[in-house]
Amino acid sequence: MNQDKIKTNTIIEDVIKDALEVLKGKIQENKINVIVDFRTAHECFSHPNELQQVFLAILNNAIDMLVAKEITSPNIKIEISKDKKNITINISDNAGGIDEECLDKIFEPYYSTKHKAQGTGLGLYISKVIVEDSLGGKLSVKNNLSGACFSIILKFRLGDNKR
C-alpha cells in the first residue's frame, strides 16, 4: 500500500513546521517574518504528506506574492483554532490581497496570476482537490485588510487507524 495514502493521526503543527523547513532558505533570503502560534498541538486524522503539499503550495504562493510586490515588511501569519467539530488553519500574508476578478478563479486548474515561467496554475487547484476530496475538508480564500487569507477547515476526528 502506498504510504502517502494511509491516513494517520497527524499533528498539524508538525506538518507546518516541516513545510516551513522546506521553504526556510526562500523565507530567509527574502527576509519574510513568519508568525506562528503553536502553544497547543492540534491533531487530525489525515494524510500528512498530502497536507504538507497543501501548506507548501499556499506558503510558496504567499512568498512569491510578497517578493513580486516588493513588500517592505513581509509577513506570513499562521493561526490554528478548533471548535467541537473542526480545526481551522488560516494562512495570511500582507501582500495586498488577490484581485477581486481573480478570487473566483484562483482554484481553477491552470489558472495563474504568475508569469508562465513561474507557475503552472496547478498548485492551488491540487490543494483544493487534496483538502476537499482526499481529506474531507474545505479550502477557501478571502482578502483581509492587508492581504490574502487561505482557510483550511479539517474535521476534528481522530481515527482508529483502520484503512
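Here the structure is shown first, and the text comes after it.
If you're wondering where the values come from, they're calculated on a predicted model, not measured in any experiment.

A.B. asks: Any details on a negative patch on the surface? Residues and values, ideally.
C.D. replies: A grouping of Asp99, Glu100, Glu101, Asp104 and Glu108 is seen on the molecular surface, where their side chains present a negatively charged patch. Locating Asp104 in the fold gives a position in the loop between α4 (100-103) and α5 (123-134). Looking at Asp104, the relative accessible area reads 72%, which means it is exposed.

A.B. asks: How would you summarise the pattern of salt bridges if you had to cite specific residues and measurements?
C.D. replies: In this structure the tally under the stated criterion is five salt bridges. Among the salt bridges present, the one from Lys128 reaches Glu132, with a minimum N-O distance of 2.8 Å. Remark: Glu132 and Lys128 occur in helix α5; sequence separation between them is four residues, near one turn of the helix. By relative accessible area, Lys128 is classed as partly exposed at 22%.

A.B. asks: Residues and numbers for the sheet that holds strand β4 (residues 75-82), please.
C.D. replies: One open sheet accounts for five strands, arranged β2-β4-β5-β7-β6; its pairing is mixed. Looking along the sheet, the strands with just one partner apiece sit at the ends: β2 (33-36) and β6 (138-143). Geometrically, the sheet is characterised by an average inter-axis angle of 15° between neighbouring strands, direction not taken into account. Note that strand β5 (residues 86-93) and strand β7 (residues 148-155) share seven bridges and pair antiparallel. Note on β7: the bridge partner recorded for Asn90 is Ser151. Relative to the sheet, α5 contacts β6 and β7, its axis offset from that of β6 by approximately 135°.

A.B. asks: Provide a residue-level description of the packing of helix α1 (residues 12-22) against helix α3 (residues 48-68), including the pertinent values.
C.D. replies: Relative to each other, α1 and α3 sit at 50°, their axes nearing to 9 Å. Overall, the two elements α1 and α3 adopt an arrangement that is oblique. Taken as a pair, α1 and α3 cross one another with a handedness that is right-handed. Contact residues: Ile12, Val15, Ile16, Asp18, Ala19, Leu20 and Val22 in α1; Pro48, Leu51, Gln52, Phe55, Leu56 and Leu59 in α3. Residues belonging to the contact of α1 with α3 are distributed by class as follows: 11 nonpolar, one polar and one charged.

A.B. asks: Pulling in residues and values, what's your account of unusual backbone geometry?
C.D. replies: The residue Lys31 is not glycine, and still its phi comes out positive at about 50°. Tracing the chain through its elements places Lys31 in the loop between α2 (24-29) and β2. By relative accessible area, Lys31 is classed as exposed at 68%.

A.B. asks: Give me a nonpolar patch on the surface: which residues, what numbers.
C.D. replies: Taken together, the side chains of Tyr125, Ile126 and Val129 define a hydrophobic patch exposed on the protein surface, amounting to about 210 Å² of accessible area. Mapped onto the elements, Tyr125 comes out in helix α5.

Calculation notes
Residues numbered from 1 in each chain as written. Predicted model: local features only at pLDDT ≥ 70, side-chain atom pairs only at ≥ 80, totals over all residues. Heavy atoms only, no water. Patch = residues over 30% accessible without salt bridge, like charges linked within 9 Å, V, L, I, M, F, W, Y side chains within 5 Å. Areas by Shrake-Rupley, 256 points an atom, 1.4 Å probe, with all protein chains shown as cover. Salt bridge = Lys/Arg side-chain N within 4 Å of Asp/Glu carboxyl O. Lys, Arg positive; Asp, Glu negative; His and termini not counted. Charge placed at Lys NZ, Arg CZ, Asp CG, Glu CD. Helix = DSSP H or I, 4+ residues; strand = E, 2+ residues; numbered from the N terminus. Buried < 20%, exposed > 50% of the residue type's maximum accessible area, 1.4 Å probe, protein only. Pairing = 2+ DSSP bridges. Axes fitted to C-alpha atoms, helices over the stretch in contact; angles between N-to-C directions. Contact = heavy atoms within 4.5 Å. Parallel < 35°, antiparallel > 145°, perpendicular 65-115°, else oblique. Left-handed = near helix turned anticlockwise from the far one by under 90°. Nonpolar A, V, L, I, M, F, W, Y, C, P; charged D, E, K, R; others polar.

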